[in-house]
Amino acid sequence: MTELFVKGETLPEAYHNALVALHENHDELPCPDYNTRQKEASLTFVVDKPLAEPMISKMFIGDPRSLEQYRQEMLDGILDFEVEKGKWDYTYHQRMEKQIPWVIEELKRSKESRRAVVLIRTDYDMTTDAPACLQHIQYFIRNDALHCKLLFRSNDSTKATFMNAFALIFLQKRIADALGLTMGTYTHRANSFHVYERDYEMFDGYVRRIKAGGDLAYDYDGDWDEMMEDAKPEIAKMVEELKTR
């Protein structure tokens, strides 16, 4: 199985390097569970400065509203009630929420700790057709900065990875702020970093744009943050409507 490692100073740079690496060096194989084929590699990308600008990749297919909603789902559990209503099997927030306070206390106990791990996978994932893709997150304090290292068993490179990383970087920031620390590196590992056959054309287009260079990212601060803030009332309205269904 192909193994890849890339880095970047910013999130877009690391993500773009990951897309190019997958494009240039992958295995192509059947994916029977989804009745398709895929290009796949095991890949790790490291972001040296997770909050450095520009922070938003132009290879992200969503918009400010969808990115803000996902961040709120991951960090604040705005759709956890769908699990309680039986419509969803789980949310990442639901599986993490009781562990995050413990992680903070553990890192307060010992800044050298190697025990600050958030487990996402549960026994339920062995019996469902939709097991969690994110498996675990580990936090380290090294050189007075909070570093994050995490593992996905499976990660859709063109439609999920950027959104996943963006939200998880802001979770890292929330924990760093609670500890009074600066942000360290963000390391994103996917044992199956892949693109499905239906997205090959889009994937090829992304890589052509990246290789051509030019302006490939937007600023978050003073640009997307304002648009995401503007989307909050619409997201809150949507949440209240879903609660009544």
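As a starting point, this report considers the structure included with it.

Here is what the cut-offs are and how they apply
Residues numbered from 1 in each chain as written. Predicted model: local features only at pLDDT ≥ 70, side-chain atom pairs only at ≥ 80, totals over all residues. Heavy atoms only, no water. Helix = DSSP H or I, 4+ residues; strand = E, 2+ residues; numbered from the N terminus. Rg over C-alpha atoms; globule rule 2.2 N^0.38 Å. Buried < 20%, exposed > 50% of the residue type's maximum accessible area, 1.4 Å probe, protein only. Contact = heavy atoms within 4.5 Å. Areas by Shrake-Rupley, 256 points an atom, 1.4 Å probe, with all protein chains shown as cover. Lys, Arg positive; Asp, Glu negative; His and termini not counted. Charge placed at Lys NZ, Arg CZ, Asp CG, Glu CD. Core = buried A, V, L, I, M, F, W, Y, C linked by side-chain atoms within 4.5 Å. Axes fitted to C-alpha atoms, helices over the stretch in contact; angles between N-to-C directions. Parallel < 35°, antiparallel > 145°, perpendicular 65-115°, else oblique. Left-handed = near helix turned anticlockwise from the far one by under 90°. Phe/Tyr/Trp six-rings, centres within 6.5 Å; stacked < 30°, edge-to-face > 60°. Lys NZ or Arg CZ within 6 Å of the ring centre and 35° of its normal.

## Some words on the overall build of the chain
Within the chain, the regular secondary structure consists of nine helices and ten strands. By the compact-globule yardstick of 18 Å for 245 residues, the chain fits well, its C-alpha radius of gyration being 18 Å. C-alpha extents for the chain along the principal axes are approximately 45 × 45 × 40 Å. The 245 residues of the chain split such that 56% are buried. Restricting the contact set of the chain to residue pairs at least 6 apart, pairs at least 24 apart contribute 70%. Within the structure as shown, the chain displays about 12,100 Å² of accessible surface, and the carbon and sulfur contribution to it stands at 48%. Here the chain contributes 32 positively and 43 negatively charged side chains, and the mean placements of these two sets differ by 4 Å.

## Observations concerning the nonpolar core
Residues Phe45, Tyr92, Ile137, Tyr139 and Phe166 are the most contacted members of the largest nonpolar core, which totals 68 residues. Element by element, the count of residues in this core is highest for helix H6 (residues 161-179), at twelve residues. Discounting residues that sit within four places of it in the chain, Tyr92 has contacts with Tyr70, Met74, Ile120, Ala132, Cys133, Leu134 and Phe152. Ile78, Phe81, Ala231 and Val239 belong to the second-largest nonpolar core, a separate cluster that totals eight residues.

## Examining the packing of helix H2 (residues 64-76) against H6
The relative placement of two packed helices comes down to the angle between their axes together with the axis-to-axis distance. Interhelical geometry of H2 versus H6 gives an angle of 50° and a closest axis separation of 9 Å. Comparing their axes, H6 and H2 come out oblique. Considering how the two elements wind past one another, H2 and H6 form a crossing that is right-handed. Taken together, the residues of H6 that come into contact with H2 (itself represented by Ser66, Leu67, Tyr70, Arg71, Met74, Leu75 and Asp76) are Phe162, Met163, Asn164, Phe166, Ala167, Leu168, Phe170, Leu171 and Arg174.

## As for the packing of aromatic side chains
The description of an aromatic ring pair uses the distance of the two centres, along with the angle that the planes make with each other. Following the criterion strictly, the structure yields eleven aromatic pairs and no others. By way of ring pairs, the aromatic residues Tyr15, Phe60, Phe162, Phe166, Phe170, Tyr218, Tyr220 and Trp224 are connected into one cluster. Lying across the ring of Phe170, Arg71 places its NZ or CZ 4.7 Å from the centre. The cationic tip of Arg95 hangs over the ring face of Tyr90; the distance from NZ or CZ to the ring centre is 4.1 Å.

What is shown is where atoms sit, not what they do.
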